[in-house]
Amino acid sequence: MPPRDGRSLWDAVRAAGALAERALWGAEASVRLGELVGGSSLGGRLEELRGRSVLVATRDQLTAALALLELDGVARRLVLCPPDLPRKVVPFVMATAAVDAVVSDRAALEAGSVGTLVTCSARLAPADSERAGPHHTEWILLTSGTTGVPKLVVHTLASLAGAINGDRVQTVPAVWSTFYDIRRYGGLQILLRALLGGGSLVLSSAAESTGDFLIRAGARGVTHISGTPSHWRRALMSPSAHRIAPHYVRLSGEIADQAILDHVRACYPGARIAHAFASTEAGVGFAVEDGLAGFPASLLTQRGAEVELKVEEGSLRIRSARTGIRYLGSPGEPLADRDGFVDTGDIVELRGARYHFVGRRGGIINVGGLKVHPEEVEAVINGHPQVQMSVVRTRKNAITGALVVADVVLRTAPDSAETGRVAELEREILQRCRDALSRHKVPAAIRFVRFLGVAGTGKVVRQHA
Amino acid sequence: MSVRASVLAQFERVAQEQKKTLAPLTDDLVLLESGLDSLCLAVIVAQLEDALGVDPFSAAEDAEFPVTLGDFIELYEHAAP
């Protein structure tokens, strides 16, 4: 059930009942929700975080979940630090969100000076104070920006939980799981579904193989499980794919093509299979359960719907109470247009009575659910002294949905006799990329070309797909 | 170079590029236990498409996902033009 106005996450969890039977299961430790009635993960220091802007920067997902449960309503602001956030951008994030306290499960966080550092642990201490507060806590989610610096998107518990339907009463409590990290929008949705809907959750772990995770989820009797199409492709390559027997499988975060929908159906013939559209900025747009790629055009004309969709200039736009509220610290960059629609940047094409996703505006590439802005990669490539210009594009891929590839124009083209020099340049450029960029942003292939298409605007021509 | 040899060469090359420790490449090696992650496998599929001119994953939509290295090689042997 979405929390009523002003109710904190913990109050809503308590209202969903059966705390003693419900749990958050991590790879290393687990906590029954009932233990949180008299216990705290924050070592008796909740009061110190009251009214603060708190960076939740834990290694472990379980400790992050516990901190969120305790701090919603108490902290003024919760900043969710995704696991792979580069250290060099932490000071930017902290300054932008005016962070004055950090919750971490590490002894020391190399994040510069902070007002207060509170250690969070799955070994609960006696709860020290009332877990209620006057604050309508802002939840800050990070999403990738064009220059490698993340954007900070402001949500509230109400906007995050807007898609969680409380009227579908579960006869058997759901055991949720997700391949996602809960610090990302897709994973956080599943954490909240489990907590608010009266269920439990099996958390994934970066340190665990896909097979081990599936075995662990299966042992806990997982009933509902979500991931990106790339997560699912990987799961279906595991001999342990049949260790789970879910009633409900959800795909989101990337384009779900017909092949992956069919593969999932074949592996879990008894399951309801949904593919959802959601993004950090636009929230949950819709979920489709008919097993077909794309979505029915009729979703655009539903009257009185909670979510309004429209297509303008080729891209899907969404207006609902589930969208982010604003960006933090990006003056002049509105998250939504004047009418409240968020431009998802996802280009759709009408084929018959169905819209299909064909790519992203601005050439943004989605590698297994992780966004890549071509400009960021091009800037690194263009830093090579021999490179005149480059364009970074997407290449379709059966494993990760897409890969990054680059077309590069050299200042002086080596002649055909210098094949050795070409290979050497390729190695040098790739090494620069590996040094400066996350792995998924490094081009899988470089093609040396004599020229690139330049549009009338003077910009390099990018294609959507 | 045979299809098998091309596949094996790509596994070795990508493992080296991505600084991954590769398990011994036997036919019954489970791909997810090869030491390579999804991104590595994705790069292998892309490079094999360039080398062999086929992408069996997109060519046959009903093909099962390969679990072992043997399945993977077989997929390419059947798809090779």
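Residues numbered from 1 in each chain as written. Chains lettered and ligands numbered in written order. Predicted model: local features only at pLDDT ≥ 70, side-chain atom pairs only at ≥ 80, totals over all residues.

All names here are of chain A. Within the secondary structure, Val288 is located in strand E16 (residues 283–288). Taking C-alpha positions, Val288 is 44 Å from Arg450, a pair spaced 162 residues apart along the chain. Setting aside residues no more than four positions away along its own chain, Val288 makes contact with Ala274, His275 and Phe295. (Helix = DSSP H or I, 4+ residues; strand = E, 2+ residues; numbered from the N terminus. Contact = placed C-beta atoms within 7 Å.)

Quick look at the packing of helix H9 (residues 374–382) of chain A against helix H10 (residues 419–436) of chain A now. Residue and element names in this part refer to chain A. Put simply, H9 and H10 touch, their axes get as near as 9 Å, and they point 125° apart. Judged by the inter-axis angle, H9 sits oblique to H10. Judged by the sense of rotation from one axis to the other, the crossing of H9 with H10 is right-handed. Of H10, the residues touching H9 (which contributes Val377, Val380 and Ile381) are Ile429, Arg432, Cys433 and Ala436. (Axes fitted to C-alpha atoms, helices over the stretch in contact; angles between N-to-C directions. Parallel < 35°, antiparallel > 145°, perpendicular 65-115°, else oblique. Left-handed = near helix turned anticlockwise from the far one by under 90°.)

Bringing the pairing of strand E11 (residues 175–178) of chain A into the picture now. Residue and element names in this part refer to chain A. Residues of E11 alternate between two faces, with Val175 and Ser177 on one and Trp176 and Thr178 on the opposite face, all of them buried. Inspection of the sheet shows E11 paired to strand E12 (residues 200–202) by 3 bridges, in the parallel sense. Note on E12: the bridge partner recorded for Ser177 is Val202. The pairing of E11 with strand E13 (residues 224–227) spans 3 bridges and is classified as parallel. Pairing of Thr178 across the sheet is with Ser226, part of E13. (Buried ≥ 20, exposed ≤ 12 C-beta atoms within 10 Å, placed from the backbone. Pairing = 2+ DSSP bridges.)

In this section: the domain arrangement of chain A. Residues and elements named next belong to chain A. We note that the domain assignment places domain 1 (9–346) and domain 2 (364–448) within chain A. Distance from the C-alpha centre of domain 1 to the C-alpha centre of domain 2: 32 Å. The interface of domain 1 with domain 2 comprises 13 residues on the first partner and 12 residues on the second. At 3 residues, helix H7 (residues 229–236) tops the list of elements feeding residues into the side of domain 1 that touches domain 2. Looking at the side of domain 1 that touches domain 2, its residues break down into 2 nonpolar, 8 polar and 3 charged. (Domains from an automatic or database assignment. Nonpolar A, V, L, I, M, F, W, Y, C, P; charged D, E, K, R; others polar.)

Turning to helix H5 (residues 185–196) of chain A, a few remarks are in order. Helical geometry: 3.6 residues make up each α-helical turn, so side chains three or four residues apart lie on a common side. Residue and element names in this part refer to chain A. Taking 1.5 Å per residue, 12 residues should reach 16 Å; H5 reaches 16 Å between its end C-alpha atoms and fits that length. Within H5, 12 of the 12 residues are buried, which leaves the element mostly enclosed by the surrounding structure. Along H5, the residues that are buried comprise Tyr185, Gly186, Gly187, Leu188, Gln189, Ile190, Leu191, Leu192, Arg193, Ala194, Leu195 and Leu196. Note on H5: the residue one or two positions beyond its end, Gly198, has a positive phi of about 85°. (Expected span 1.5 Å × (residues − 1).)

This part is about the sheet that holds E12(A). Strand pairing in a sheet relies on backbone hydrogen bonds. The paired strands run either parallel or antiparallel. Residue and element names in this part refer to chain A. Judged by pairing direction, the sheet is mixed, and its 8 strands sit side by side in the order E2-E1-E12-E11-E13-E14-E15-E16 without closing on themselves. Every interior strand has two partners, whereas the edge strands, strand E2 (30–32) and E16, have only one. Neighbour-to-neighbour, the strand axes of the sheet open up by a mean angle of 20°, direction not taken into account.

Now for the interface of chain A and chain B. Taken together, the contact pairs 25 residues of chain A with 18 residues of chain B. Counting residues per element, the ones that place at least two in the side of chain A that touches chain B are helix H6 (210–219), H7, helix H8 (258–267) and strand E25 (387–397) of chain A. Looking at the side of chain A that touches chain B, its residues break down into 9 nonpolar, 11 polar and 5 charged.

Residues and elements named next belong to chain A. Tracing the backbone shows Arg411 in the loop between strand E26 (401–410) and H10. Assessed through the 10 C-beta atoms surrounding it within 10 Å, Arg411 is described here as exposed. C-alpha of Arg411 to C-alpha of Pro385: the two residues are 26 residues apart in sequence and 8.4 Å apart in space.

Turning our attention to the environment of A:Ala219. Residues and elements named next belong to chain A. Counting through the fold element by element, Ala219 comes out in helix H6. Taking the number of C-beta atoms within 10 Å as the measure of exposure, Ala219 has 12 and is therefore exposed. Placed 99 residues apart in sequence, Ala219 and Ile318 show a C-alpha to C-alpha distance of 39 Å.

Here we take up the nonpolar core. A general tendency of soluble globular proteins is for nonpolar side chains to be buried together. Among the nonpolar cores identified, the biggest contains 102 residues, and A:Val54, A:Val56, A:Leu78 and A:Val79 are the most heavily contacted of them. The residues contacting A:Val79, other than those within four sequence positions of it, are A:Val54, A:Leu55, A:Val56, A:Val93, A:Ala97, A:Val99 and A:Ile140. Of all hydrophobic cores here, the second largest spans 45 residues; its members include A:Val391, A:Ala398, B:Ile44 and B:Leu69. (Core = buried A, V, L, I, M, F, W, Y, C linked by C-beta atoms within 7 Å.)

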